[in-house]
Every structure is written in C-alpha cells, then in structure tokens.
Amino acid sequence: MVEAALELQSNQPEQQLYKSEYIWRTVFSLCALSQFTAQGIVTSSVRLKAHWPIIKKALGTIRLNADERDNSTPAFTLQKRDTYLRLVTARCYLLTVRWNWSLVDADDVFHGLCAIFRSRQFSNLLGEPNDFPAFIRNQDETLFHVNEATDTAYSLFLKLIIRAVKDFSDKDSTGRLRTIKLSRLLSLTVPVGSMSFSKAQPPVFQALSMLYNRYSAVFVAIYVDPSDKHIRSRLQQARRYITFKDADSDSRTAAIRSLLHLGILLQHLDKPLDDILNWTSEILEDLLTELSPNLGLMEAHRQPEREKVILSAQMLLRTITTIMNTSGLASSVQKPPRYPDTAFVQVLLPRLLSGSLVKDHRTGLEICGCIRSFLDARHAVLPSPTIPKPDLQNGKQESQDDYGDGGLDLNDPMLLALFDNIEEIPDENRLADKKASEIMDGFSQSLYTCVCMHLGCSALDCNYDEADEWLKIWLGYGSVLVRNKKRDWNYYLQLAESASRDIVDAFRRIHIRLRVATSILWLDYSIYGSRTDYFVKLWIEAIISPNITIQHEFSAVLFSVDSLRHPLLRDMPCIQVDPVSGYFNLERNNLKERRLQIVTSM
C-alpha cells in the first residue's frame, strides 16, 4: 500500500530530489510510528521490518554518480551535492543501527551506494578529510556501530559492510549464505586498481583519499573474512596499490600507516605477521637504496630529500614497534600474552642491523625500540628469574642449625636459581624461543658492532642515555641466547670489558661496565655465584669514582643479590630494604651523602 502511494507521488511533476526526500520522510515516519502499539503506547521495540526495495527507489530517483557534467558545475554546488550524498549514506546506516533493519537483502542498495564511490574512483566526497576512518585510526571496533559526526561517506559505507556480515551470520547457521553474499559484497566494494602517484605526479586535492580508502577497504575485508588465504591475498593487493620507491612522501606516509593498522589487526586476529614484515622489509630496502651514496642524497642541496627519506624510515620503524607492543584492537576482553612472531628476527632483523640507518642517532634509537618491543613481548611469556628477596638474617647461623642445612649455604644465588621458576614453560613458547635464538645467534656480532658505534663520546658530551639503551637491548638480546645455551654471561662480560677499553673517557668507561653488570644481574642473578669477585671489585672501583651516574642502581641490585653476605658488604651503614619491592633501594643523592660511611665500613 505504501509503495503504491509512493508510486502515485512519483508521477507528480516535481524535482527528482523532492521525490527522493518524500520517500525518505515516509520511511522514517513509518519507523517511528511502528513503535506504537494498537493501544497507543510507545515501546522501545521496532515492528517495521526491513524493506530495502523502497530505499533502492529513493536512491534510484536521483543521480548518485559523478560524470562529465560535474566539470561545468560550480564547486560550491558540487559540495552541497556531496554533503547530501553523505546524508543519504548516513540514513542507510541509521536504518540498521537505530531501526534494526537487517542488511541480508540489501544487495541493490549496496550497488546504489557503491556507484557514489566507484564513479569517483573511491575518493572521498568534497570537503571530507584525507584520512583513515575513526574506527581504524583509534583501533577501536566498538566504533563500527557508532554514527560519528566526523565519519566520511565511505567510512559509513564500510560500517554498513561490517554490519551486513553480522546480519549474514545471524541468519545463516550453515555459513553457506554468508560465504556467497560476503564474496559478492567484497568483490563489489574493495577496489582493485593501483594508483599512479609518484614524485613527479603527486596526488592533489581529494586524490590522496583514493589511497586511504583502498587501504581501509582492505582492512575491513580482512576483518570480516580472516581466513589465512584471504588475508594473504588482500595484503598482496594492498602492496600493489602504489610502487613505494616511486611514490611521493604523502603516499608513502599512507602506505606506512596502513602497515600499522593492518599489522595491529593481524595481532587482534592472532594471525602471523610474515606478510606484514615482508612488506616492511621491502619498503626498508627501498629506503636504504635511496640513502646509498651513489644516488647523491648526501649532497648538501639534496638534504631536504634525504631528511624525508630518513623520516619515512623512522616512521616505518616506529610502526613495527607499535605493532609488536599492541595485542589488537580495543576490546573488553584482555588477551593473554603470546610469544612474538619469530618472523621479526628472521625477516626484519637482518635489514635493521646491516643498513646505514643504524648510524643515524635518531633512527638508531628507533631500531632499538623495534628490537626492544620484540624482547618485551617475549619477556611477557618468558620472564627472567626473579631475584630472591634479601635475607637479612644470614648472620644468624643458628636459624639454619635448628632444622639442619647439611652445610649448605641456602642463600647462594646459584643454588636459588636452580629452584627458581619451576613452572613448566608451554612447549610452543619453548620451541618458539629456541627457533628465535637460532636465528638471533647469526646476528649477534652485527648487533655488538652496532652497540660499539654508540658507546663512545667525548668528555664534553657525556649523555649516557643512548649508550644505556643500546646496552640494554644488547643484553636483553643476549638473554635469549644464554637461556638457549648459545652463549653464557661470561662471554658478554668479556665483550663489555673489551669494548670499554677503547673508550678514552674514564668516567664513561666505568659507567658502561656498571650498566652491563646491573642489567645482567637483573636478567639472570645466578651469574653472581660464579663471578662474585668480579661484581664486588667493580662496585669498589665505582663507589670511589668522583662521577656518580648509576652507582646507586648497581649498589641496590648487588646488595639485593648478595643479601649483604660478602665480608666487604656486611656492615653497610643505614642501607634499607624498600617495603614495597622487598629489595634494597638507593637514591643517587642518598648514595653521595653516605659514600664516605660506606667506604669506611669496608
């Protein structure tokens, strides 16, 4: 009956836009009226079922697509037209989220809406920003079901696709209908063609949104169909959208940002990162090639170009760090930690340690961040042995004699380590760690070379932060090899001694040795039992140094591991255990004030 009435209205001599608006008003009025019962009581339930043919009629009444007529139309008129088209898309979305219209039978509507974007090569409408949708930028899947005022028309269109897939699943228990409809929908809406953007012909005005929308479509396609085969196909498609080595800086930024969001999506889906890391490695190779001396970017007049390339490399490295540090999209369900993808050390690590990027101060720190993100993710599932709380009763021998200790020193760190961490490590984590160690062993020397580059400095420039960062990464890396019996800690102590001997500044030399010793004791305190004399001797050298840097940190961990049992440490004055951590804690200024007392007590 409603359709017949609308048919009569469509025969009236009115503008097409008025006819389309009449249909929209009728639909939303009926949706509102459907909340009334026969007794006139308003309820929260909607009784009007979806009827997409009437929406198809509203869309078909007006011209949605862009064509040659737009060339002779004033820009402000085109912008008004595009504002209305966004409104039409938002209405379709509103019918699903507010009035619960199922999208199972909305194929014709999707075809109609797709005409808006296909005729514009999937660019945004006039006045809309060139960027990813908010639900991708914020990595928040709850935004799939929220109508944001800042959403572009294409963002709303992608939300409709996600909503449609949910409706397919709700109706189809076997999955056959979902598979068929999803395949048709994605073939219709995910662009295939690549962009020809280059340094000579960069995108202008709305053109860059074509690239952002293509990457966004791939994101949604993977989200709604996360099969391994489909993911690999979509990522290959995304890699072909631009030729990175020829692309302009804005297009490169879009590609790197897409890597970030797609990588986080794969983490969310618990999928391997092989393809993401291979793509990253390919981009990194292009950037390293551009930075090679024979391409001339070292020349002074081309310094701005070189800076852009270095900035792209830093952005790429930060992207990998963020992916490794993020478990997935925002979700109320907290996922347990899992061993990081070993493809990182297999695919990306060789590029990071062998290229010229490591020589640059800022980029070197980003490389550190990349490696640290892998080590932190590993540490979440394979934590280091925990240092036992200091036993301050070690001088009271009778406390052990009461029950018989068999002559054993039950505070020996090496003995304690044998009984520490008795929980069984899951086989998959143990095997993954072994695989990672076998790969990492081959690049151990390369990392050591990189570390040595960043250790030295002049006496006038003794900011130790960068050297500390590299040393922590090197020793965290080493802990993987030590745990899997590829190396031992004596090897790293010897290398640290060797590297420090080449440093002219005596204060910096002692600082580096302290940082190595402090880190090793926190990573694996069992080394203390076999190298007690080394650590105590180093502490004596450091405590009398006029330049205090991290002596307080080393003292705290040394006292905690030793429990003040060593003859030279037994009568330390006023050294207190932190009530929160249970370990000795010293502040730098506190150590300075008490240093004379400490030296006198030895």
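Values in this document were obtained by computation on a predicted structure and should not be read as measured data. (Residues numbered from 1 in each chain as written. Predicted model: local features only at pLDDT ≥ 70, side-chain atom pairs only at ≥ 80, totals over all residues. Heavy atoms only, no water.)

**A few points about the overall build of the chain**
The helix and strand tally for the chain stands at 26 helices and 0 strands. Considering the chain as a whole, with its 602 residues, one finds that 51% of them fall into the buried category. By sequence separation, contacts in the chain at least 24 residues apart represent 77% of the contacts at least 6 residues apart. Of the roughly 29100 Å² of accessible surface on the chain, a fraction of 53% belongs to carbon and sulfur atoms. (Helix = DSSP H or I, 4+ residues; strand = E, 2+ residues; numbered from the N terminus. Buried < 20%, exposed > 50% of the residue type's maximum accessible area, 1.4 Å probe, protein only. Contact = heavy atoms within 4.5 Å. Areas by Shrake-Rupley, 256 points an atom, 1.4 Å probe, with all protein chains shown as cover.)

**Section: the pattern of salt bridges**
Using the criterion set out here, one finds 29 salt bridges in the structure. In this structure, R81 and D70 form a salt bridge, with 3.2 Å as the shortest nitrogen-oxygen distance. Here R81, found in helix α4 (residues 75-97), pairs with D70, found in the loop between α3 (52-60) and α4; they are 11 residues apart in sequence, far enough to count as distant. Note on D70: relative accessible area 12%, which makes it buried. Between E469 and R372 there is a salt bridge whose closest N-O contact spans 2.0 Å. Within this pair, whereas E469 is found in helix α20 (residues 465-483), its partner R372 is found in helix α15 (residues 361-381), the two being separated by 97 residues in sequence. Classification of R372 as partly exposed rests on a relative accessible area of 33%. (Salt bridge = Lys/Arg side-chain N within 4 Å of Asp/Glu carboxyl O.)

**Considering helix α21 (residues 489-501)**
The end-to-end C-alpha distance of α21, which contains 13 residues, comes to 19 Å, matching closely the 18 Å that a straight helix rising 1.5 Å per residue would cover. All of the buried residues along α21 are W489, Y492, L493, L495, A496, E497, A499 and S500. Put simply, D488 is the residue that caps the front of α21, since its side-chain oxygen is 3.2 Å from the backbone nitrogen of N490. (Expected span 1.5 Å × (residues − 1). Polar contact = N/O pair within 3.5 Å; in protein donor to acceptor, adjacent residues only side chain to side chain.)

**Some points on the environment of D524**
Along the chain, D524 falls in the loop between α22 (506-523) and α23 (527-530). A relative accessible area of 17% means that D524 is categorised as buried. When the C-alpha positions of D524 and V482 are compared, they lie 9.4 Å apart, and in sequence the two are 42 residues distant. Among residues more than four places away in sequence, those in contact with D524 are P385, V482 and W489. There is a polar contact of 2.7 Å between the side chain of D524 and the side chain of S526.

**Here we look at helix α11 (residues 249-268)**
Helix length check: α11 (20 residues) gives 29 Å between terminal C-alpha atoms against 28 Å at 1.5 Å per residue, within 8%. With 16 of 20 residues buried, α11 lies mostly within the body of the structure. The opening residue of α11 is D248, an N-cap whose side-chain oxygen sits 3.1 Å from the backbone nitrogen of D250. Phi for D270, located one or two positions after α11, is positive at around 60°.

**Some thoughts on the environment of S169**
Of note, S169 is situated in helix α7 (residues 153-171). Since its relative accessible area comes to 34%, S169 is described here as partly exposed. It is 9.3 Å that separates the C-alpha atoms of S169 and T179, two residues lying 10 residues apart in sequence.

**Topic: the packing of helix α5 (residues 107-118) against helix α8 (residues 176-189)**
The interhelical angle for the contact between α5 and α8, taken along N-to-C directions, is 20°, at an axis separation of 10 Å. Relative to α8, α5 is oriented roughly parallel. Remark: the crossing between α5 and α8 carries right-handed chirality. Contacts between α5 and α8 involve D107, F110, H111, C114 and R118 from the former and K181, L185, L188 and T189 from the latter. Its residues assigned to classes, the contact of α5 with α8 shows 4 nonpolar, 2 polar and 3 charged. (Axes fitted to C-alpha atoms, helices over the stretch in contact; angles between N-to-C directions. Parallel < 35°, antiparallel > 145°, perpendicular 65-115°, else oblique. Left-handed = near helix turned anticlockwise from the far one by under 90°. Nonpolar A, V, L, I, M, F, W, Y, C, P; charged D, E, K, R; others polar.)

**As for the nonpolar core**
Counting residues in each nonpolar core, the largest one holds 183 residues, and the members touching the most others are I55 and W474. Examining the composition of this core, we find that 13 residues originate from one element, helix α9 (residues 207-224), more than from any other. (Core = buried A, V, L, I, M, F, W, Y, C linked by side-chain atoms within 4.5 Å.)

**Examining the environment of R239**
Relative to the helices and strands, R239 resides in helix α10 (residues 228-239). Among the residues examined, R239 registers a relative accessible area of 24% and is labelled partly exposed. As a C-alpha pair, R239 and A255 span 16 residues in sequence and 8.3 Å in three-dimensional space. Residues within four places of R239 in sequence aside, it is in contact with D275, N278, W279 and E282. In this structure the side chain of R239 is engaged in a polar contact, spanning 2.6 Å, whose partner is the side chain of E282.

**Some details on a nonpolar patch on the surface**
Residues L30, L33, F36 and V42 make up a contiguous nonpolar surface patch of about 360 Å² in total accessible area. In this fold, L33 is placed in helix α2 (residues 16-33). For L33, a relative accessible area of 54% gives the class exposed. (Patch = residues over 30% accessible without salt bridge, like charges linked within 9 Å, V, L, I, M, F, W, Y side chains within 5 Å.)

**Quick look at the confidence of the model for the chain**
When pLDDT is averaged along the chain, the result is 86; 88% of the residues meet or exceed 70. Between residues 395-404, whose pLDDT stays under 50, and residues either more than four places distant or in other chains, the model counts 7 contacts. Contacts from residues 458-462, a stretch scored under 50 in pLDDT, to residues over four places away or in other chains number 6 contacts. (pLDDT = per-residue confidence, 0-100.)

**Digging into unusual backbone geometry**
We note that F122 has phi near 65°; this positive angle belongs to a residue other than glycine. For F122, the position within the fold is in the loop between α5 and α6 (134-137). A positive phi angle, near 50°, is found at F205, a position not held by glycine. Examined against the element boundaries, F205 turns out to sit in the loop between α8 and α9.

**A few points about the packing of helix α18 (residues 427-441) against α20**
Remark: α18 packs on α20, axes separated minimally by 9 Å, with the N-to-C direction vectors making an angle of 115°. Judged by the sense of rotation from one axis to the other, the crossing of α18 with α20 is left-handed. Contacts between α18 and α20 involve D433, S437, M440 and D441 on the former and, on the latter, Y477, V480, L481 and R483. Tallied by class, the residues present in the contact of α18 with α20 amount to 4 nonpolar, 1 polar and 3 charged.

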